[in-house]
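Architecture at a glance
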Amino acid sequence: MTRPQSIVFCTIAAAVISTACLSRLEAAFPDAQNLPPTGWTGHVFKLSQTYPVALPALEPASVRKWTQFDFKKPLEAPQYLNAVLDYCLAGNTANNFADVSANTVRKWYHAPWLHTTPSGREFISGMTKERPSRPGELGPAQTAQHDNWAFGFYNERGGFTIGQVWSDPAHPDPRKAIFPSHTVTCKLLFTTTPIAEAPFLAGSLEMEADINRATGTGARPKLRLLQIDVAVKDSGANSTTGWVFGTFQYEKAASASMNWWEHMVPVGLMWGSDVTKLKAGMPTTEEWINTARGQKLHLGRQNLVLNGPVDNPLASCTACHGFAQVPKVNSPSPSIPRVPSVTDTGSALDPYFTNIKAATAFSTDYLSVDYSLQLQLGIARAINANQASLPTGINLLEGKGVSKAQATKMREAGRE
């Protein structure tokens, strides 16, 4: 694999940004794991990587309509969540997310370095492999395990942070992974599950993807949209995680509309794990769950915390993303906790279901990448492929001047 191209930098004076000053990453990162075959005439995914070089101003409050609602109030939580989804959909439904960089409403950006390994980005839709759905997880008709694939993207404020972290493609810097308020990220998750095993997916958005890494120019499999995840960096959640996570699932019966997005039903939102209530087997208070959804697919731990249909039913959104951490050193201490087993109880739940504040390191052996599993995966994969390394000196223990061997191999965070 060729190393990333160098980047041209510019100096920004005051608040005036000239056209020449908007130098950006130009194809510094590969689009996908494999190139389209010769003669391919179908769609080809392009990584949106012209990251803003200056922090974009906040969009008007009339655009950030979720700010009109209090996500902690049960009656307003669904309004907050739907406002975020509308923001993600605007300008993207005309071409069904074929090119988020061409959106005329607002630009969106991808995180780089998700193309390697067998689960890396495929060349048609830019999907990466997710946790598969085990038999029964998508309802009683599901009799076999089926694969799930997804693609995600960040708004301009999130894209700025991604560009800062990767400003030197050979030395990604997790210290710059502090997303500004009102960063928004959105992720679409697709499944290979046939309609016969998940009839509620009838009429869902279908997208072609090279999930089998086939050769030749023949058609590739089509996957159906199952789940949409959203997240917002929101100061209203600063007492717990600093982020609000939300999940939607597709339901045919939710609407008579021909538009697939009118069938996306909120599963819920959360801003913390509330481990005290979780250990007691009680409904948690740092979330809202939509009990009126049609398909009662699994949630997280004992069906008490938010997780989407594709996610691990033993985990939760905030707990999983809180461990988006980059180790400074090999064999960091402590190790990132595994998801507790179904038989774990009491204090065994504490290490995993903990509220880690935004951009806060798990220990002095780690650097947080602010709840971004995509940043964590990208940095880990680049380093594990020997195509990048952490910046020099990043392994110094704060305030002690003690240096350990810098990390050369990293465990990838994931849904498990």
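Rules used throughout
Residues numbered from 1 in each chain as written. Predicted model: local features only at pLDDT ≥ 70, side-chain atom pairs only at ≥ 80, totals over all residues. Heavy atoms only, no water. Helix = DSSP H or I, 4+ residues; strand = E, 2+ residues; numbered from the N terminus. Rg over C-alpha atoms; globule rule 2.2 N^0.38 Å. Buried < 20%, exposed > 50% of the residue type's maximum accessible area, 1.4 Å probe, protein only. Areas by Shrake-Rupley, 256 points an atom, 1.4 Å probe, with all protein chains shown as cover. Core = buried A, V, L, I, M, F, W, Y, C linked by side-chain atoms within 4.5 Å. Contact = heavy atoms within 4.5 Å. pLDDT = per-residue confidence, 0-100. Phe/Tyr/Trp six-rings, centres within 6.5 Å; stacked < 30°, edge-to-face > 60°. Pairing = 2+ DSSP bridges. Salt bridge = Lys/Arg side-chain N within 4 Å of Asp/Glu carboxyl O. Polar contact = N/O pair within 3.5 Å; in protein donor to acceptor, adjacent residues only side chain to side chain.

**Overview of the overall build of the chain**
- A tally of helices and strands in the chain yields 5 helices and 10 strands.
- Taking 2.2 N^0.38 as the reference for a compact globule, 416 residues should give roughly 22 Å; the C-alpha atoms of the chain span a radius of gyration of 21 Å, in line with that estimate.
- Dimensions of the chain along its principal axes, counting C-alpha atoms only, are 55 × 55 × 45 Å.
- Relative to its full complement of 416 residues, the chain shows a buried share of 55%.
- Of the roughly 17,100 Å² of accessible surface on the chain, 55% is carried by carbon and sulfur atoms.

**Concerning the nonpolar core**
- Formed by 55 residues in total, the largest nonpolar core has its most connected members in Ile162, Trp166, Tyr352, Leu375, Ile379, Leu390 and Met410.
- Residue assignment for this core shows that the elements contributing at least two residues are helix 2 (156–165), strand 6 (243–250), strand 7 (264–270), helix 3 (275–279), helix 4 (317–322), strand 10 (366–368) and helix 5 (373–384).
- In terms of residues, this core owes the most to one element, helix 5, which gives 6 residues.
- In contact with isoleucine 162, not counting residues within four places along its chain, are Tyr51, His110, Ala111, Pro112, Tyr154, Phe179 and Leu375.
- Grouped together as the second largest cluster of nonpolar side chains are 49 residues, Tyr80, Tyr87, Ile228 and Val232 included.

**Describing the environment of glycine 203**
- You can see glycine 203 is positioned in the loop between strand 3 (184–191) and strand 4 (206–208).
- Setting aside anything within four residues of it in sequence, one finds glycine 203 in contact with Tyr250 and Trp260.

**Things to note about the confidence of the model for the chain**
- Of the residues in the chain, 90% have a pLDDT of 70 or more, and the chain-wide mean is 91.
- Counting interchain partners and residues more than four positions distant, the pLDDT-below-50 stretch residues 1–25 has 43 contacts.

**Brief notes about unusual backbone geometry**
- Cis geometry marks the peptide bond from serine 333 to proline 334; its omega dihedral reads -10 degrees.
- For proline 334, the location among the structural elements is in the loop between strand 9 (325–327) and strand 10.
- The backbone of histidine 182 shows a phi angle near 65 degrees, a positive value even though the residue is not glycine.
- You can see histidine 182 is positioned in the loop between helix 2 and strand 3.
- Even without glycine at this site, arginine 213 takes up a positive phi of about 50 degrees.
- Mapped onto the secondary structure, arginine 213 falls in the loop between strand 4 and strand 5 (222–233).
- Residue classification places arginine 213 among the partly exposed positions, given a relative accessible area of 22%.

**Observations regarding the packing of aromatic side chains**
- Applying the stated criterion to the full structure yields 22 aromatic pairs.
- Note on tyrosine 87 and tryptophan 108: the rings are 5.6 Å apart at their centroids and 75 degrees apart in plane angle, and the pair reads as edge-to-face. Residue tyrosine 87 is located in helix 1 (residues 77–89), and its partner tryptophan 108 is located in the loop between helix 1 and strand 1 (128–129); the two are separated by 21 residues in the primary sequence. Neither residue differs from the other here; tyrosine 87 and tryptophan 108 are each classed as buried.

**Here's the deal with the pairing of strand 6**
- Counting buried residues along strand 6, 8 of its 8 residues qualify, which places the element largely inside the surrounding structure.
- Burial of the side chains of strand 6 extends over both faces: Trp243, Phe245, Thr247 and Gln249 are buried on one face and Val244, Gly246, Phe248 and Tyr250 on the other.
- Where strand 5 and strand 6 come together, 7 bridges link them in antiparallel fashion. Among the inter-strand pairings, valine 230 is bridged to a residue of strand 6, identified as glycine 246.

**Some details on the pattern of salt bridges**
- This model, assessed by the stated rule, comprises 11 salt bridges.
- Among the ionic pairs, aspartate 31 bridges to lysine 46, the shortest N-O distance being 3.7 Å. Of this pair, aspartate 31 sits in the segment before helix 1 while lysine 46 sits in the segment before helix 1, and the two are 15 residues apart along the sequence.
- Aspartate 370 is the salt-bridge partner of lysine 233, the closest N and O atoms lying 2.9 Å from each other. Placement of lysine 233 in strand 5 and of aspartate 370 in the loop between strand 10 and helix 5 is noted, with a sequence separation of 137 residues between them. Here the two residues lysine 233 and aspartate 370 agree in accessibility, since each one is buried.

**So, the side chain of threonine 193**
- Of note, threonine 193 is situated in the loop between strand 3 and strand 4.
- Classification of threonine 193 as buried rests on a relative accessible area of 0%.
- In terms of polar contacts, threonine 193 uses its side chain to reach the side chain of threonine 191, at 2.7 Å.

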